[in-house]
Amino acid sequence: MNPAIDLIFSTLAAFFQIYFVLLIIRILLSWFPNVNWYDPPFSIVSQLTDPYLNIFRSFIPPLGGIDLSPILAILLLQFVSGFFGSLSASAAFGF
């Protein structure tokens, strides 16, 4: 297959893996109530991840004060990342 397409698929797979790490950081930081989301290191993580998480928060309300929407968000992100990773691998082998 075309090396440019392989590069695009592998870049997208790497982007989704980096975004996955950002989501995990965002979720772990949400366990600490004293985190000021307006401070620069935390505001960057919040600005990058909240638009994606808000999609899932709109139709999965918090249950008993626990936000379960990141679980679905991570599952979908891992599925998409695996899809592009497999496309990249198949493009590398010419399938």
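Here is a short report on the structure shown in this document. Here the structure is a predicted model, which means the values were calculated and not measured.

Overview of helix H1 (residues 3-29)
If you check H1, its first and last C-alpha atoms are 39 Å apart, about what 27 residues at 1.5 Å a residue would give, namely 39 Å. Taken together, the buried positions of H1 are Phe 9, Ala 13, Phe 16, Tyr 19, Leu 23, Arg 26, Ile 27 and Leu 29.

Some remarks on the packing of aromatic side chains
Using the criterion set out here, one finds nine aromatic pairs in the structure. The interplanar angle of 80° and the centroid separation of 5.7 Å between the aromatic rings of Tyr 19 and Tyr 52 together place this pair among those described as edge-to-face. In this pair, Tyr 19 sits in helix H1 while Tyr 52 sits in helix H2 (residues 40-57), placing the two residues 33 residues apart along the sequence. A residue is classified by how much of its surface remains accessible, and Tyr 19, at 13% relative accessible area, is buried. Classification of Tyr 52 by relative accessible area gives buried; the value is 16%.

Points about the side chain of Ser 81
With respect to the secondary-structure elements, Ser 81 resides in helix H3 (residues 69-93). Apart from the residues lying within four places of it in its own chain, the contact partners of Ser 81 are Ala 13, Phe 16 and Gln 17.

Analysis parameters
- Residues numbered from 1 in each chain as written.
- Predicted model: local features only at pLDDT ≥ 70, side-chain atom pairs only at ≥ 80, totals over all residues.
- Heavy atoms only, no water.
- Helix = DSSP H or I, 4+ residues; strand = E, 2+ residues; numbered from the N terminus.
- Expected span 1.5 Å × (residues − 1).
- Buried < 20%, exposed > 50% of the residue type's maximum accessible area, 1.4 Å probe, protein only.
- Phe/Tyr/Trp six-rings, centres within 6.5 Å; stacked < 30°, edge-to-face > 60°.
- Contact = heavy atoms within 4.5 Å.

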